[in-house]
Amino acid sequence: MRQTRRTFLKSMGALTAIGIASPTLISRSALAQGNVPGANERIGIAGIGVGRRGSEVFAEAANNPKTQPICVADIWLPRAETVAKKNGCSNAYQDYRRVLDNKDVDAVISATPEHWRGLTCIGACQAGKHVYAEKPVSLTISEGRKMVQAARKYNVVFQTGSQQRSQRENFIGCEFIRNGGLGEIQEVIAANYESPWLADLPAQPVLEGLDWDFWCGPTEPVPFNMDLFAPRAKPGWLSFRPYSGGEMTGWGTHGFDQIQCALGMELTGPTEILVDGEKLEPPIYSEPETAERGNKICSKPHLSFRYANGITVKLENANRGGGIFIGKKAKMEIFRGNLTSNPKELALDLLKNHSRQNQSHVDNWLFCILSGERPISDIEIGHRSASVCHLLNIARYLGRSLKWNPEKELFVGDDEANQWLERPARKGFELPDQV
């Protein structure tokens, strides 16, 4: 059987592991003619959505010796052109589908707004491209499951951008707790992340080179406003429900991902969402203003969740991006490259004596493309962490406690809650029924 380019890239893992020299670029035209590539071929990469975070991740990947930057796509074409030029890409597109059609592209980095994540990532899987998707990996639970299905069906390496999993302190702390180092876990405290609210901002002139209708994509078109287009501004799309899960998903996917990892729950989820207080009545921002008012309103009602083993996680007062773990033997906090404990010597000794080093989250993805292994934050893990956030948002909007079946990914005996597992999409921007 003729060896294909993609199967060859997977077979390269063994060579990488034993330290073969840095790659040199092999002509794409040679590959197109069916020639077997040389032993040091680079991975052709592309970026989809290269704004604030996307440009950073793409630049890191583009500067890796394992890769060759090919092209980028962004709904704001001048931004795509700037990032392409800066990173040595041959093409800049406005429509992401041109990236997926590019045969030189082996892998894509998707850092679009959340309402576009499913379409770009599922499309990339269907095109046979490996995927690095910024967190939160999904807008809804149903969408996240389809992303997992697409990654498995098309056999691609799909990394979620929860980079704390690659940080030394986080890795060591999660491993220690998961292996019983704190003894029986009695309680976990997470930050009280805010749910999203609604926008009705006034119209402004559309930026030159921006396809605003396409930016709206699966959502109903609204007038352009810079404080909607930017992720964090006054307040930015990240705070508004049609486009995002608010800080609950923006920061919460970091924190709950660490909690799921430390508790050994990263491939499942809670069974109960507990609500204390009246349901959220989200404000509507009709003029640009800071997120302060919206965040204050959307931090209630108070929430907790419980796993099948009885461990309860309370959303109270912890650092964003991590969690406080209270065990029978000791207490430990993990967040954003920090590991502390009570007694303090416990964490200090762990960090001093552990051989683990900081690792690049992007490099882990690239290595796994070559080796065929699952990355440290595989799509199933990313989907499950985002699902916790979606469950909490749904409970806050409904204003009542909910029972959840993490295996079936359905609320138990609650048809109304189950209607929140997906969102209707504008015609022409629907997710495929079957991936």
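The rules behind the values
Sequence order as written defines residue numbering, which begins from 1 separately in each chain. Reporting of local features is limited, given that this is a predicted model, to residues whose pLDDT is at least 70; pairs of side-chain atoms are given and counted only at 80 or more, and all residues count toward the totals for whole chains, interfaces and linings. Hydrogens and water are ignored here; the side-chain numbers use all heavy atoms of the structure. In this text, helices come from DSSP runs of H or I with a minimum length of four residues, and strands from runs of E with a minimum of two, each type numbered from the N-terminal end. As defined in this context, the radius of gyration uses C-alpha atoms, and a globule is described by 2.2 Å times the residue total to the power 0.38. Categorising residues by exposure relies on relative accessible area from a 1.4 Å probe, with only protein chains included: less than 20% of the type maximum marks a residue as buried, more than 50% marks it as exposed, and the intermediate range marks it as partly exposed. The contact criterion used throughout is that any non-hydrogen atoms of two residues lie within 4.5 Å. Under the convention used here, Asp and Glu are negative, Lys and Arg are positive, and both His and the chain ends fall outside the count. Every charge is mapped to an atom, namely NZ of Lys, CZ of Arg, CG of Asp or CD of Glu. Planes of paired rings set the category: under 30 degrees apart is stacked, over 60 is edge-to-face and the rest tilted, where pairs are Phe, Tyr or Trp rings (Trp by its six-membered ring) whose centres lie within 6.5 Å. The criterion for a charge sitting over a ring is simple: Lys NZ or Arg CZ within 6 Å of the ring centre, and within 35 degrees of the ring normal. Should DSSP find at least two bridges between two strands, the strands are regarded as paired. Lines fitted to the C-alpha atoms define the axes, with helices restricted to the stretch that makes contact. Angles between their N-to-C directions range from 0 to 180 degrees. What counts as a salt bridge is simple: a side-chain nitrogen of Lys or Arg found within 4 Å of a carboxyl oxygen of Asp or Glu.

(A) Quick peek at the overall build of the chain. When you go through the chain residue by residue, the secondary structure sums to 18 helices and 17 strands. In terms of C-alpha radius of gyration, the chain reaches 22 Å, essentially the compact-globule figure of 22 Å for 435 residues. Taken along its principal axes, the extent of the C-alpha atoms in the chain is 65 × 55 × 35 Å. Within the chain, the proportion of its 435 residues that are buried is 56%. Sequence-distant contacts, at least 24 apart, represent 71% of the contacts inside the chain between residues at least 6 apart. Measuring between centres, the 51 positive side-chain charges of the chain sit 4 Å from its 49 negative side-chain charges.

(B) Representation of the packing of aromatic side chains. What the rule picks out here adds up to 20 aromatic pairs. Each ring, one from Trp-212 and one from Phe-224, has its centre 5.0 Å from the other, and the planes form 90°; the classification is edge-to-face. On the criterion of sequence distance, the pair formed by Trp-212 in helix α10 (residues 212–216) and Phe-224 in the loop between α10 and α11 (226–229) is long-range, its members being twelve residues apart. For the ring pair Trp-404 and Phe-411, a centre distance of 4.8 Å and an interplane angle of 65° mean the geometry is edge-to-face. Of the residues examined, Trp-404 reaches a relative accessible area of 5% and is grouped as buried. Classification of Phe-411 as buried rests on a relative accessible area of 4%. Three or more aromatic residues joined by ring pairs make a cluster, and in this case those are Trp-76, Trp-212, Trp-215, Phe-224, Phe-229 and Tyr-243. Positioned over the ring face of Tyr-397 is Arg-241, at 5.5 Å from the centre of the ring. For Arg-356, the ring lying beneath its charged end belongs to Phe-171, and the centroid distance is 3.7 Å.

(C) Representation of the sheet that holds strand β17 (residues 410–411). Ordered by their spatial adjacency, nine strands build an open sheet running β15-β14-β13-β7-β12-β11-β9-β16-β17, and the pairing between neighbours is mixed. Each edge of the open sheet carries a strand with a single partner, namely β15 (338–342) and β17. Where strand β16 (residues 402–405) and β17 come together, two bridges link them in antiparallel fashion. If you follow Trp-404 over to β17, its bridge partner there is Phe-411. Taken strand by strand, helix α9 (residues 168–178) contacts β7 (185–191), β13 (322–327), β14 (331–335) and β15, and its axis lies near 145° from that of β14.

(D) Seen up close, the side chain of Arg-356. By the secondary structure assignment, Arg-356 is in the loop between α15 (344–353) and α16 (361–371). Among buried charged residues, Arg-356 stands out as having no salt bridge; its nearest opposite-charge side chain is Glu-175, 7.5 Å away.

In short, the description is geometric, and any link to function would need to be established separately.
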